Amino acid sequence: MFSEEKKMFPTQTYRPRIEYMPARLTRGKSWYISFYAYDPETDALRRCRVKINRIKDKNERRTAAVAMIREINQQLHNGWSPFIKHGCARSHELLFEILDRFQRQKTKELEPNSVRSYNSYLKTLRSWLDSRGYGPVTYVRSFDRNMAASLMLDIDMNPRISSRTYNNYLRFFRNLANWMIQYNYISENPFAQIRKKERRLTRKTRRTLTDAEKRQLFDFLVARKRYDYLVMCLLCYYCLMRDKEILSLRVRDISIKKQLVRVGEDIAKNDHTSWRTIPDEMVHWLLKLDLCAPGDCYLFSPGKDYTFVPGTERACERRIGRYWSDVIRPALGWGLDLQFYSLKDTGITDMATAGVPLNLVKEQADHSSLEMTGIYMGDSGGKAHESIKKISTFLQKM
């Protein structure tokens, strides 16, 4: 994505932004020290003079001037400006260093997939700052409403950025600014007044699979003996699991005898353990996998090319999407509206259509969209549901 983002702002070459001009001594009838500092009201440098004629002896005056120049230049280098009357205690720190600090902290706190997204957003921000002349000596006080408005306008003008992606950028930058407020770098969120795109402009284009498309997918994977990927598709379709949950499964989480998949609280999106029922139709394909591998092994570790095998390394979610977009979609002639996650949408729709009670669909999906129904429902208690075990909609009418 970074290669695309380097091209996001190529239209103009900007002169480096200058935050100050060092102090110097002017001697004549009147001796004074002059320097230029940043004035936020004009967004430009402004001259400042300090007269030193009050010291009568010229040698002492010269010595005092040298000391004052040294002190003023040090303060200017640290981000001080006499024209900035109010601000946070740490507003003089360098913006790029603060971005690095934010990135290091979030790398320690977040999951790998979230870290990749954060790194991508930060690359975009750094690329934009560079294109707009904000060099290494740019203070965090520059992270203001003017910068925020210019940044989001440039992102909005990029034809490759959809409304949904625009909102994702805005959400990230708001979170970044809130972090800066928390650590006393800035006093207000410069992105707070920028509106998100309207919901109707960000509606998902993903759709469910037809019966014919489900058959196409099944035949394609079976013909190539890609039972690993077929089982992942069935886990998404029947067990209504997210890609992160699928790739975090251990061999011990699968119980063929009980026809259950355990989704632990450590991998579930809502942080609580759930049990997903395995339909009878799915058992045959699960047995194609190496379920005799050690229980601690991930069920879908990365293998050669696009394959998945039991192992000690957890695969990245992007591997699922890459096989779908690079192999399946072109081979079957599908458009962008069919995605791997379409299988979950299709599974929920097919179960409801087949008469599976909505409370069981909600529990199987571990979904929050049926929140009111869920208030009155308990969990499965580790017991498989017979109505889900008997469903066979994936190959129905084919």
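Our subject is the structure listed above.
Along every chain, residues carry numbers that run from 1 in the direction the sequence is written. Where totals are concerned, whole chains, interfaces and linings use all residues; where local detail is concerned, this predicted model gives features only for residues with pLDDT of at least 70, and gives and counts side-chain atom pairs only at 80 or more. Excluded from the side-chain calculations are hydrogens and water; all other atoms, namely the structure's heavy atoms, are used.

A. Inspection of the packing of aromatic side chains at higher detail. Ring geometry is summarised as follows: Phe, Tyr and Trp rings, the Trp one being its six-membered ring, pair when their centres sit within 6.5 Å, and such pairs are stacked at plane angles under 30 degrees, edge-to-face over 60 and tilted between the two. As enumerated under the stated definition, the model contains 21 aromatic pairs in all. Centroid distance Trp128 to Tyr134: 6.0 Å. Interplanar angle 25 degrees. Geometry classified as stacked. Note on exposure labels: buried denotes an accessible area under 20% of the residue type's maximum, exposed denotes more than 50%, and partly exposed covers the range between, all computed with a 1.4 Å probe on protein chains only. The exposure class of Trp128 is buried, given its relative accessible area of 1%. Site record: aromatic cluster; members linked through ring pairs are Phe102, Tyr118, Tyr121, Phe143, Tyr169, Phe172, Phe173, Trp179, Tyr183, Tyr185 and Phe191. A cation sits over an aromatic face here: Lys197 above Tyr166, 4.8 Å from the ring centre. Whether a charge sits over a ring comes down to the Lys NZ or Arg CZ being within 6 Å of the ring centre and within 35 degrees of the ring normal. The ring of Tyr323 has Arg226 sitting right over it, with the charged end atom 4.5 Å from the ring centre.

B. How the structure looks around the sheet that holds strand E3 (residues 44-51). Pairing in this open sheet of three strands is antiparallel, and the strands run E1-E2-E3 from one edge to the other. The open sheet has two free edges, formed respectively by strand E1 (20-26) and E3, since each of these has just one partner strand. In this sheet, neighbouring strand axes are inclined to one another by 20 degrees on average, regardless of whether the strands run parallel or antiparallel. Across the sheet, helix H2 (residues 58-77) is in contact with E1, strand E2 (32-39) and E3; its angle to E1 comes to roughly 175 degrees. We call two strands paired when DSSP finds no fewer than two bridges between them. Helix numbers and strand numbers start at the N terminus; a helix is a DSSP run of H or I with at least 4 residues, a strand a run of E with at least 2. The angle between two axes is taken between their N-to-C directions and runs from 0 to 180 degrees, where each axis is a line fitted to C-alpha atoms and a helix contributes only its stretch in contact. Residues count as neighbours in contact if any of their non-hydrogen atoms are within 4.5 Å of one another.

C. Expanded view of the pattern of salt bridges. Within this document, salt bridges are pairs made up of a side-chain nitrogen of Lys or Arg and a carboxyl oxygen of Asp or Glu, the two lying within 4 Å of each other. In this structure the tally under the stated criterion is 18 salt bridges. The partner of Glu188 in a salt bridge is Arg145, and the shortest N-O contact between them spans 3.3 Å. Within this pair, whereas Glu188 is found in the loop between helix H6 (163-182) and helix H7 (211-223), its partner Arg145 is found in helix H5 (residues 145-157), the two being separated by 43 residues in sequence. Judged by its relative accessible area of 40%, Glu188 falls in the partly exposed class. With a shortest N-O distance of 2.2 Å, Asp296 and Arg252 are connected by a salt bridge. Residue Asp296 is found in the loop between helix H10 (280-286) and strand E7 (298-302), and its partner Arg252 is found in the loop between helix H9 (243-247) and strand E4 (254-255); the two are separated by 44 residues along the sequence. A relative accessible area of 54% places Asp296 in the exposed class.

D. Inspection of helix H4 (residues 112-131) at higher detail. For H4, built from 20 residues, the straight-helix expectation of 28 Å at 1.5 Å per residue is met to within 8% by its first-to-last C-alpha distance of 29 Å. If you check which residues of H4 are buried, you get Val115, Tyr118, Ser120, Tyr121, Leu122, Thr124, Leu125, Arg126, Ser127, Trp128, Leu129 and Ser131. Here the expected length of a helix is defined as 1.5 Å per residue gap, with one fewer gap than residues.

E. Representation of the packing of helix H8 (residues 227-237) against helix H12 (residues 342-353). Relative to each other, H8 and H12 sit at 50 degrees, their axes nearing to 7 Å. Of the possible angle classes, the one that applies to H8 and H12 is oblique. Contact residues: Cys233, Cys236 and Tyr237 in H8; Leu343, Lys344, Thr346, Gly347, Asp350 and Met351 in H12. When its residues are assigned to classes, the contact of H8 with H12 shows five nonpolar, two polar and two charged. Oblique is the label for every angle not falling under 35 degrees (roughly parallel), over 145 degrees (roughly antiparallel), or within 65 to 115 degrees (roughly perpendicular). Residues were grouped as follows: Ala, Val, Leu, Ile, Met, Phe, Trp, Tyr, Cys and Pro as nonpolar; Asp, Glu, Lys and Arg as charged; and all remaining residues, including Gly, as polar.

F. Broad picture of the side chain of Thr138. In this fold, Thr138 is placed in the loop between H4 and H5. For Thr138, a relative accessible area of 0% corresponds to the buried category. Once you skip the residues sitting within four places of it in the chain, Thr138 turns out to touch Glu19, Glu93, Leu94 and Leu95.

G. Focus on the environment of Val115. Position of Val115 among the secondary structure elements: in helix H4. Residues Val115 and Arg104, eleven residues apart in the sequence, show an inter-C-alpha distance of 9.8 Å. Beyond its immediate sequence surroundings of up to four residues, Val115 is in contact with Lys106, Thr107 and Leu110.

H. Expanded view of the nonpolar core. Among buried residues, the Ala, Val, Leu, Ile, Met, Phe, Trp, Tyr and Cys ones that are joined through side-chain atoms within 4.5 Å form a nonpolar core. Counting 57 residues, the largest nonpolar core has Leu217, Tyr229, Leu235, Phe300, Ile328, Phe340 and Leu343 as the members making the most contacts within it. Here the element with the most residues in this core is H8; it accounts for ten residues. When near neighbours in sequence (up to four residues on either side) are disregarded, Leu217 contacts Leu209, Cys233, Trp324, Ile328, Leu332, Trp334, Leu343 and Phe394. The next biggest cluster of nonpolar side chains, apart from the first, holds 33 residues, and it includes Ile98, Tyr134, Ile161 and Ala177.

I. Quick look at the sheet that holds strand E6 (residues 274-277). Taking strand neighbours across the sheet as the criterion, the three strands line up as E4-E5-E6 in an open arrangement whose pairing is antiparallel. Both edges of this open sheet fall to E4 and E6, since each of them pairs with a single strand only.

J. Up close: a positive patch on the surface. Only residues whose relative accessible area exceeds 30% and that form no salt bridge are eligible for patches; like-charged ones are grouped when within 9 Å, while nonpolar side chains (Val, Leu, Ile, Met, Phe, Trp, Tyr) are grouped when within 5 Å. With residues, only the protein chains shown are counted as cover, and all accessible areas are computed by Shrake-Rupley using a 1.4 Å probe. Counted as positive: Lys and Arg. Counted as negative: Asp and Glu, with His and the chain ends omitted from the count. Lysine's charge is taken at NZ, arginine's at CZ, aspartate's at CG and glutamate's at CD. A contiguous patch of positive charge on the surface is contributed by Arg24, Arg47, Arg49 and Lys51. Considering each element in turn, the positive patch owes the most residues, three residues, to E3. In this fold, Arg24 is placed in strand E1. The exposure class of Arg24 is exposed, given its relative accessible area of 54%.

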